[in-house]
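Observations on the three-dimensional arrangement
The lines below spell out each chain.
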Amino acid sequence: MKKRFTLRLLLAFLLIISISGAAYAEYPDSPINMIIAFSAGGSSDVQARITQKYWNKYSKQRLVFVYKPGAGGAIGFSEIALAKPDGYTIGGLNVPHIILQPLVQRAPFSIDSFEYICQAVNDPQVVAVRKDSKFKSVKEIFAFAAANPKKLRIGLVGPNSGHHLMFLEVIEKFKFPASPVFYKGSADQNAALLGGEVDVMFGNLNDVMRSRDELNILGIASEKRNAFVPEVKTMRELGFDVVSYIRRAFAAPKGVDKKALAYLTDVFKKIAADPGYLADMKKAGQPEEYLDGSAFSKVVHDQYQHDKAALQKAGLIK
Amino acid sequence: MTEFIVPALGHLIEPWNIILMVAGLTGGIIVGALPGLTATMGVALMVPATFAMNPTSGLIMLGAIYVGAIYGGSNSAVLICTPGTPSSVATTFDGWPMCKAGRADFGLYTSLVSSAFGGIIGTVGLLFLAAPLARFALNFGGPENFWLCLFGLSTIAVMSSDNMMKGVLSGAFGILISTVGLDPNAGIPRFTFGYYPLVQGIEVIPAMIGLFSFSQVLYLIGSHKPFIAEFTPTKGAFMQVTRELATKCKVVLMRSSLIGTLVGMLPGAGGEIASIIAYNESKRWDKHPEKYGKGSIEGLASSESANNAVIGGALIPMLTLGIPGSAVAAVILGALMAKGIQPGFKVFTTTGDLAYAFIFSQFAVNLLMLPVGYLLAKVMAKLLSIRLTFVAIAIVMLSVIGSYAIRNNMLDVWIVIIFGVIGYFASRVSLDTGAMALGIILGPMIEENLGKCVDISKSLDGSVFDVFFASNITIILMLMTALSFVTPLIMNKRKKRRNAACACGTPKEDGHA
């Protein structure tokens with residue numbers, strides 16, 4: 001009996017020592033959880049895994065991947081927002097998902113629930129058609145849509161997604177009625193375009209790269225041309241002022257320890273400048289673009305105002 | 001193609017690749033057999049490991065895990081009436097009665113041989129018909145998939161031909177459950193009752209674990225039996241099964257494998273529908289449909305050959321068009337892309353070495369599965385000689401861990417428990433849990449595809465019926481669905497007539513169920 005008591009006392013001591021030890025040790029002294037809001041093997045996961053490969057080069061602690069997929073990422077994003085802000089839980093975020101989910105689906109977080117570490121990917125949206133499509137340019141598509149109200153079918157992933165916002169912006173700006181057809185994911189969307197169920201699709205560059213041989217990319221909704229498809233003109237060059245992206249970023253919960261945030265920012269910045277990382281990203285078809293936390297935060301807040309106005313105008317939210 | 005055959009075969013006889021195939025198969029079968037761990041998860045978990053390998057070895061291993069896991073799902077379906085993966089729901093219909101009748105080894109071997117056969121037919125399709133089939137698969141859009149799912153759902157009518165009302169009621173309950181979560185067409189939450197995690201909906205796998213395995217545990221504990229089922233291994237069971245499959249079930253195996261290959265390559269549909277449709281068709285065309293559901297070897301063979309044939313089918317659009325035909329194919333696609341390999345018809349020329357090594361490895365994997373699966377089946381059958389109390393505890397533990405592992409979410413554990421209770425009471429009043437599972441699986445697909453039809457109809461200035469009648473495939477599927485609903489009536493009539501004509505009773509049956 002006495003022996004057991006001593007043992008307990010010893011364990012209690014050890015526990016206290018280990019806790020107090022943690023408080024004094026330099027951050028990070030244990031592995032850091034990385035929440036991925038999409039399934040393992042998906043595009044977001046592939047990008048984060050490439051980051052992890054180089055993380056080990058600049059940090060002595062490992063990243064532990066935790067998958068929390070569901071509801072288009074909202075489950076994982078909530079998990080990041082509600083995590084303890086001790087710097088040991090961070091995760092990947094997608095924009096405009098984190099803007100739209102609180103607006104449309106009453107998700108339990110907002111764009112102010114996060115401390116942004118950096119932007120890693122800026123995936124512009126493109127206008128794509130089948131190789132044998134009768135449309136050879138964006139201009140022809142828009143002219144057809146204007147002349148034949150509602151006849152043009154545009155494939156989108158959604159609803160209430162980045163693609164949907166681009167669609168709303170286009171029909172609002174260029175005043176033509178078209179029929180959107182929504183798909184659950186980019187695989188279905190690509191299949192529908194190739195099978196002729198829709199005439200055109202607005203999709204991400206990363207997604208159309210998979211079926212590159214079967215598609216013609218007619219325009220890219222980015223500010224400047226993209227190195228993956230340098231021959232494709234931007235929508236602005238083509239005379240249509242549309243800019244639309246899906247961005248991927250890393251973030252910690254709001255109120256995270258300042259020191260921890262500084263450390264994370266530093267490591268991610270080093271990774272983003274690593275030539276090996278850049279080469280791997282290119283190989284995986286991930287349009288890399290680094291922004292630091294504060295620059296990215298500004299982008300998110302600007303886009304929030306813009307998207308909210310667009311959704312209100314379309315009558316999708318009050 | 002010919003110039004790639006020799007180097008591709010060269011890859012296959014590398015010892016390292018053979019080890020990876022065997023390891024992948026073993027791991028896959030175990031993952032598939034554990035309720036809650038699915039093929040998708042097994043393959044996804046191993047993707048990071050492939051980053052350290054050369055692309056060919058990595059791809060060969062992922063393919064082996066895929067094949068193993070889809071077959072492995074049948075082990076738990078036969079032994080504890082729990083589909084290990086959603087693809088093996090239809091395997092429980094005849095596998096479990098077989099096990100209850102003390103013929104568990106026959107069930108396991110039937111699954112094994114049928115799976116390998118289906119896998120090989122699917123791979124033949126992949127090897128020789130990839131180009132034309134990929135183009136054909138693209139014809140399946142919203143309206144076609146909508147009717148394909150309804151056709152799958154019509155199985156309920158055939159399944160529960162003796163009490164159609166209860167079957168339909170069970171299916172409707174399943175569909176109702178599937179409406180919880182985000183509306184796929186409006187993107188707003190439904191039936192979440194203010195509890196945010198419900199926006200992700202009721203995940204199929206925990207619901208199935210609950211309906212089948214948890215409820216089974218409740219039932220078994222209440223039954224006071226010492227073991228799950230009586231079982232003494234029969235000598236030469238494997239040879240007997242193989243002989244029976246080669247003679248009696250030739251047509252069933254062939255038809256089911258073709259159905260599997262065709263359904264597999266459709267981007268929206270996978271093993272869960274293929275096995276159900278194959279089962280349905282086997283029963284429809286059989287001279288003695290009444291033996292299905294009572295432990296018939298044909299029923300088991302059709303479901304298992306179809307879901308393994310799906311693999312070859314699902315890889316067709318993935319390799320040629322970059323469009324995955326199943327969730328697992330999507331994960332493998334991700335691994336390919338991460339290696340910088342661009343899918344497309346050129347995959348057979350520019351990276352032909354890799355593509356053909358992968359396809360040939362699929363043949364090898366399906367053949368290797370026979371010895372590997374045989375040994376594992378012997379081990380798994382031992383489960384039946386463990387006392388029920390221990391087995392019950394193990395099943396509950398695995399169910400909870402497996403369901404949590406899907407999304408790392410406590411909600412899924414609650415779903416298992418709640419659906420366990422629902423399943424238990426449902427079988428008490430002889431509602432059909434199989435039909436409920438079909439409703440839960442097919443409900444979201446039906447709704448999503450109907451939404452596309454409505455979207456498309458707006459561009460035609462017409463109704464959804466204009467969309468339906470615009471496609472020949474849809475019209476054929478509509479006719480088949482109608483036929484499927486009438487079949488039970490015809491079958492009942494036939495049965496009555498036969499019973500009247502011949503008083504010597506129904507034909508010989510396998511079942512002691």
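Regarding the overall build of chain B
What chain B contains, in helices and strands, is 21 helices and two strands. In terms of its C-alpha atoms, chain B occupies a principal-axis envelope of roughly 65 × 65 × 55 Å. Taken across its 513 residues, chain B has 60% of its residues classed as buried. For chain B, restricting intrachain contacts to residue pairs at least 6 apart in sequence, the fraction spanning at least 24 positions comes to 79%.

Considerations on the overall build of chain A
Of regular secondary structure, chain A possesses eleven helices and ten strands. Its C-alpha atoms give chain A principal-axis dimensions of roughly 90 × 45 × 35 Å. Looking at chain A as a whole, 52% of its 318 residues qualify as buried. In chain A, of all internal contacts separated by at least 6 residues, the share reaching a separation of at least 24 is 77%.

Some points on the interface of chain B and chain A
By a frequent convention, interface size equals the accessible area lost on bringing the separate parts together. The interface of chain B with chain A comprises 46 residues on the first partner and 45 residues on the second. Contributions of two or more residues to the side of chain B that touches chain A are made by α3 (39–50), α15 (327–338) and α19 (433–459) of chain B. Taken together, the residues that form the side of chain B that touches chain A break down as 25 nonpolar, 15 polar and six charged.

A closer look at the domain arrangement of chain A
All names here are of chain A. If you check the domain split of chain A, you get domain 1 (32–122 + 246–313) and domain 2 (124–243). With centres defined by C-alpha atoms, the gap from domain 1 to domain 2 works out at 26 Å. At the junction of the two partners, domain 1 supplies twelve residues and domain 2 supplies 14 residues. Of all the elements in the fold, those that place two or more residues in the side of domain 1 that touches domain 2 are α4 (97–105) and α11 (293–313). No other element matches α11, which puts three residues into the side of domain 1 that touches domain 2. The residue inventory of the side of domain 1 that touches domain 2, partitioned by class, reads six nonpolar, four polar and two charged.

Describing the environment of B:I393
Residues and elements named next belong to chain B. Mapped onto the fold, I393 is located in helix α17 (residues 388–407). A count of 12 C-beta atoms within 10 Å places I393 in the exposed class. In sequence terms I393 and G443 are 50 residues apart; their C-alpha atoms lie 32 Å from each other.

Notes on helix α2 (residues 15–33) of chain B
All names here are of chain B. The terminal C-alpha atoms of α2 lie 27 Å apart, and with 19 residues this matches the ideal 27 Å at 1.5 Å per residue to within 8%. For α2, the complete set of buried residues consists of N17, L20, M21, G24, L25, G28, I29, V31, G32 and A33. Buried-residue contacts for α2 involve α1 (2–12), α3, α4 (55–80) and α16 (352–381).

Some words on the packing of α4(B) against helix α6 (residues 104–137) of chain B
Residues and elements named next belong to chain B. For the pair α4 and α6, the least separation of the axes is 10 Å and the interaxial angle reads 160°. With respect to α6, the axis of α4 lies roughly antiparallel. Crossing of α4 over α6 shows right-handed handedness. Two secondary-structure elements touch here, α4 through V67, Y71, S74, N75, V78 and L79 and α6 through A104, G107, L108, S111, L112, S115 and G119. When the residues that make up the contact of α4 with α6 are grouped by side-chain class, the tally is seven nonpolar, six polar and no charged.

Topic: the nonpolar core
Counting 255 residues, the largest nonpolar core has A:A128, A:I154, A:A251, B:V43, B:Y66, B:A104 and B:I332 as the members making the most contacts within it. Residue-level mapping places this core at the junction of two domains, with at least three residues from each of domain 1 (32–122 + 246–313) and domain 2 (124–243) of chain A. Those residues in contact with A:A251, other than ones at most four positions away along the chain, are A:I80, A:I90, A:G91, A:L93, A:F114, A:E115, A:Y116 and A:I117.

Looking at the packing of α4(B) against helix α14 (residues 297–321) of chain B
In a pair of packed helices, the angle between the axes and the distance between the axes together describe the arrangement. Residues and elements named next belong to chain B. Two elements in contact, α4 and α14, have axes separated by 10 Å at closest approach and are oriented at 165°. Considered as vectors, α4 and α14 are oriented roughly antiparallel to each other. In this structure, α4 crosses over α14, and the sense of that crossing is right-handed. Contact residues: α4 offers Y66, V67, I70, Y71 and S74, while α14 offers E304, N307, N308 and I311.

Structural notes on the environment of B:M53
Residue and element names in this part refer to chain B. Structurally, the position occupied by M53 is in the loop between α3 and α4. When the 16 C-beta atoms within 10 Å are taken as the criterion, M53 is described as partly exposed. Sequence separation of M53 and R103 is 50 residues, and the distance between their C-alpha atoms is 42 Å.

Here we look at the environment of B:I175
Residues and elements named next belong to chain B. Along the chain, I175 falls in helix α9 (residues 164–178). Here the alpha-carbon distance between I175 and A435, two residues 260 residues apart in the chain, equals 9.8 Å. Among residues more than four places away in sequence, those in contact with I175 are G439 and G443.

Observations regarding the pairing of strand β9 (residues 245–253) of chain A
All names here are of chain A. In terms of burial, β9 is a largely internal element, nine of the nine residues being buried. Note that strand β3 (residues 89–95) and β9 share five bridges and pair antiparallel. Bridging from a neighbouring strand, N94 pairs with R248 of β9.

Some thoughts on α11(A)
Note on helix geometry: an α-helix contains 3.6 residues per turn, so any two residues three or four positions apart are oriented the same way. All names here are of chain A. Its 21 residues give α11 an end-to-end C-alpha distance of 30 Å, which sits within 8% of 30 Å, the value for a rise of 1.5 Å per residue. Within α11, burial applies to G293, F296, V300, Y304, D307 and L311. Within α11, the buried residues cover an arc of 95° as seen down the axis, which keeps them to one side. Away from its buried face, by an angle of more than 90 degrees, α11 presents the exposed residues S294, A295, K298, D302, Q305, A309 and K313. One or two positions beyond α11, positive phi appears at G315, with a value near 75°.

Some remarks on the confidence of the model for chain B
All names here are of chain B. Per-residue confidence for chain B averages 85 on the pLDDT scale, and 96% of its residues sit at or above 70. Throughout residues 503–513 the model reports pLDDT below 50, and contacts reaching past four residues in sequence, or to other chains, amount to 19 contacts. Scoring of the predicted complex yields 0.81 for pTM and 0.79 for ipTM.

Thoughts on unusual backbone geometry
Backbone torsion omega between A:V95 and A:P96 reads 15°, so that peptide bond is classified as cis. Among the secondary structure elements, A:P96 is positioned in the loop between β3 and α4. One non-glycine residue, A:K175, adopts positive backbone phi at about 55°. Position of A:K175 relative to the elements: it lies in the loop between α6 (162–174) and β6 (179–183). We classify A:K175 as exposed; it has 10 C-beta atoms within 10 Å. Positive phi values are uncommon outside glycine, yet B:C81 reaches one of about 60°. Mapping B:C81 onto the fold places it in the loop between α4 and α5 (89–100). Note on B:C81: 24 C-beta atoms within 10 Å, which makes it buried.

Rules behind the numbers
- Residues numbered from 1 in each chain as written.
- Chains lettered and ligands numbered in written order.
- Predicted model: local features only at pLDDT ≥ 70, side-chain atom pairs only at ≥ 80, totals over all residues.
- Helix = DSSP H or I, 4+ residues; strand = E, 2+ residues; numbered from the N terminus.
- Buried ≥ 20, exposed ≤ 12 C-beta atoms within 10 Å, placed from the backbone.
- Contact = placed C-beta atoms within 7 Å.
- Nonpolar A, V, L, I, M, F, W, Y, C, P; charged D, E, K, R; others polar.
- Domains from an automatic or database assignment.
- Expected span 1.5 Å × (residues − 1).
- Axes fitted to C-alpha atoms, helices over the stretch in contact; angles between N-to-C directions.
- Parallel < 35°, antiparallel > 145°, perpendicular 65-115°, else oblique.
- Left-handed = near helix turned anticlockwise from the far one by under 90°.
- Core = buried A, V, L, I, M, F, W, Y, C linked by C-beta atoms within 7 Å.
- Pairing = 2+ DSSP bridges.
- Arc of directions from axis to C-beta.
- pLDDT = per-residue confidence, 0-100.

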